[in-house]
Amino acid sequence: MFTVDGSESVDVEVAKHVGRHLADVRIKETANKMYIKAVVLVLVYIWSVEGAAHDHHNIRYSQKERMENGARSPRDTGHYDAEGEHNPDFDHESILGSAKDAKEFDSLPPEESKRRLRILLEKMDRNKDGSIDRTELHSWILRSFATLSQEESEEQLDEVDEDADGYVTWEEYIAETYGIHEPEDRDLLDKDSYDEEQKLLKEDRQLFMAADKNLDGLLDEKEFLAFTHPEEHPDMLPIILQQTLEEKDTNKDGVIDFQEYIGSEEMDEIKDTGRDLIRDMKKKFNHYDKNGSGYIEVEEVQHLIDLDEDIAEDEVKHLFASTDDDGDDILSFEEVINHHDIFVGSEATDYGDHLHNLDRFEDEL
């Protein structure tokens, strides 16, 4: 027994128990503080990441992906990768006119893929002579590009149309694309570090207003298609041409010289690689400079834009070079069917010879 504060007698064991309890409490308090501190640090990190993402708008372009210089990328951007490797998906979509259908064909057994391709060939063969000429293939690919654009635009409209009323407002578009939801978000874009975003926002606004034919501030499905794929709509081309000129014409003299055509950064890189590349670039520049003035002028800017007509022509050349086995400049149905993997793909093309799935398909027949 002993006395605490000279008044109360406390059992030694009780004192030990109290001491252990106080120690446990301190440990728990310390642990809780450490836990709270850790939580706070995690939250601060999350907020900072979200803030950075929000600060940079986490831009998702509803229109076709922009290239590094801000211009819209042509439809065939994904036909070849940076190393020049061919992407077969581009060929498949060019024939099927649908990314969804192309994906479905990737899982079809070869025989079913061939059967469906033959049905397409009957529709493609406009003069019904049992073969496909270059004109027929070109027309078909242009049709496919149009349906691809429609498919892409419908998907994008569903993403942007926040209130699901079938129309897209400018506010809905910039909220989805640039992350601009509040007035302070707009103020953020006024900072000098956001020059590129400001430029893109201005260009998108110009296209939005041009696509809004009835001037009601809303884009319906048809107007939204023109907005998201302006290069495919003749009445939108003047704006695309003007934006392309402004993008390239860095000294603002109304024309594009060779230095501007290449770009200052690209020119520095080209100088390091030798004169052959500069010579090739000069030939391309001269090709666009139709009147030989030494400049690409306003009326010549359209040649800088990869239109679907030109892309389709390049695709026709590619497909003929890959599948015209007898070299007669005509594709017979059999030549196309024999190269079905190039035109539409199949399960065996993408995943190897899946005999199990093929047997299962034959059993179902």
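Residues numbered from 1 in each chain as written. Predicted model: local features only at pLDDT ≥ 70, side-chain atom pairs only at ≥ 80, totals over all residues. Heavy atoms only, no water.

1. Description of the overall build of the protein chain
Per the secondary structure count, the protein chain includes 18 helices and 6 strands. Burial status across the protein chain gives 37% buried among its 365 residues. Contacts spanning at least 24 positions in sequence make up 61% of the contacts within the protein chain whose residues lie at least 6 apart. Total accessible area on the protein chain stands at roughly 21700 Å², and carbon and sulfur atoms take up 52% of it. (Helix = DSSP H or I, 4+ residues; strand = E, 2+ residues; numbered from the N terminus. Buried < 20%, exposed > 50% of the residue type's maximum accessible area, 1.4 Å probe, protein only. Contact = heavy atoms within 4.5 Å. Areas by Shrake-Rupley, 256 points an atom, 1.4 Å probe, with all protein chains shown as cover.)

2. Section: the pattern of salt bridges
Across all of its chains, the model carries 10 salt bridges by this definition. For Lys114, the salt bridge is made with Glu111, and the minimal N-O distance between the two is 3.6 Å. Here Lys114 pairs with Glu111, and both are found in helix α4 (residues 110-124), just 3 residues apart, close to one helical turn. Residue classification places Lys114 among the partly exposed positions, given a relative accessible area of 23%. As a salt-bridge pair, Glu334 and Arg118 come within 2.9 Å of each other at their nearest N and O atoms. Of the two residues, Glu334 sits in helix α15 (residues 333-338) while Arg118 sits in helix α4, which places them 216 residues apart along the sequence. Because the salt bridges share partners, they merge into one network encompassing Glu104, Glu112, Arg115 and Arg116. (Salt bridge = Lys/Arg side-chain N within 4 Å of Asp/Glu carboxyl O.)

3. So, the packing of helix α8 (residues 195-211) against helix α9 (residues 221-228)
Here α8 crosses α9 at 145 degrees, and the two axes come no closer than 9 Å. The element α8 and its partner α9 pack so that their crossing is right-handed. Contacts between α8 and α9 involve Asp204, Leu207, Phe208 and Ala211 from the first element and Glu223, Ala226 and Phe227 from the second. For the contact of α8 with α9, the residue count by class is 5 nonpolar, no polar and 2 charged. (Axes fitted to C-alpha atoms, helices over the stretch in contact; angles between N-to-C directions. Left-handed = near helix turned anticlockwise from the far one by under 90°. Nonpolar A, V, L, I, M, F, W, Y, C, P; charged D, E, K, R; others polar.)

4. A closer look at the nonpolar core
The biggest cluster of nonpolar side chains holds 27 residues, and the ones touching the most others in it are Ile95, Leu121, Leu137 and Phe343. Of all elements in the fold, only α2 (88-96), α3 (99-105), α4, α5 (134-160), α14 (308-323) and α15 reach the threshold of two or more residues within this core. Formed by 20 residues, the second largest nonpolar core is a distinct cluster that contains Leu157, Tyr173, Tyr178 and Ile305. (Core = buried A, V, L, I, M, F, W, Y, C linked by side-chain atoms within 4.5 Å.)

5. A look at α5
Between its first and last C-alpha atoms α5 spans 39 Å; for 27 residues at 1.5 Å apiece the expected length is 39 Å, and the two agree. Two to three positions downstream of the cap, the backbone nitrogen of Thr135 sits 3.1 Å from a side-chain oxygen, assigning the N-cap of α5 to Asp133. (Expected span 1.5 Å × (residues − 1). Polar contact = N/O pair within 3.5 Å; in protein donor to acceptor, adjacent residues only side chain to side chain.)

6. Points about the packing of aromatic side chains
Under the definition given, this model contains 11 aromatic pairs. Ring centres of Phe90 and Phe145 lie 6.3 Å apart, and the angle between their planes is 50 degrees; on these two criteria the pair is classed as tilted. Here the residue Phe90 occupies a position in helix α2, and Phe145 occupies one in helix α5, the gap between them amounting to 55 residues. The exposure class of Phe90 is buried, given its relative accessible area of 8%. Members of the aromatic cluster, connected to one another through ring pairs, are Trp170, Tyr173, Tyr178, Phe208, Phe224 and Phe227. (Phe/Tyr/Trp six-rings, centres within 6.5 Å; stacked < 30°, edge-to-face > 60°.)

7. A look at α2
Those residues of α2 lying buried are Phe90, Asp91, His92, Ser94, Ile95 and Leu96. Tucked inside the fold, the buried residues of α2 contact α3, α4, α5, α14 and α16 (340-343). Once α2 ends, the next one or two residues include Gly97, with phi positive near 70 degrees.

8. Description of the packing of α5 against α14
Packed helices, taken two at a time, are described by the angle between their axes plus the distance between the axes. Following both chains from N to C, one finds α5 and α14 inclined at 125 degrees, their axes separated by 9 Å at the closest point. The pairing of α5 with α14 is recorded here as oblique in orientation. Here α5 and α14 pass one another in a crossing that is right-handed. Along its contact with α5, which presents Arg134, Leu137, His138, Ile141, Leu142 and Phe145, the element α14 presents Asp308, Glu309, Ile311, Ala312, Glu313, Glu315, Val316, Lys317, Leu319 and Phe320. The class makeup of the residues in the contact of α5 with α14 is 9 nonpolar, 1 polar and 6 charged. (Parallel < 35°, antiparallel > 145°, perpendicular 65-115°, else oblique.)

9. With respect to the confidence of the model for the protein chain
The predicted model of the protein chain has a mean per-residue pLDDT of 77, with 68% of residues at 70 or higher. Considering only residues more than four positions removed or in separate chains, one finds that residues 349-365, a stretch of pLDDT under 50, has 12 contacts. (pLDDT = per-residue confidence, 0-100.)

10. What about a negative patch on the surface?
A cluster of like negative charges, contributed by Glu309, Asp310, Glu313 and Asp314, occupies part of the molecular surface. Here Asp314 shows up in helix α14. (Patch = residues over 30% accessible without salt bridge, like charges linked within 9 Å, V, L, I, M, F, W, Y side chains within 5 Å. Lys, Arg positive; Asp, Glu negative; His and termini not counted. Charge placed at Lys NZ, Arg CZ, Asp CG, Glu CD.)

11. As for unusual backbone geometry
If you check the backbone angles, Lys128 has positive phi at about 55 degrees while not being a glycine. Take Lys128: it is sitting in the loop between α4 and β3 (131-132). A relative accessible area of 58% places Lys128 in the exposed class. Positive phi, close to 55 degrees, is recorded for Leu215, a residue that is not glycine. The residue Leu215 is located in the loop between α8 and β5 (218-219) in this model. Since its relative accessible area comes to 70%, Leu215 is described here as exposed.

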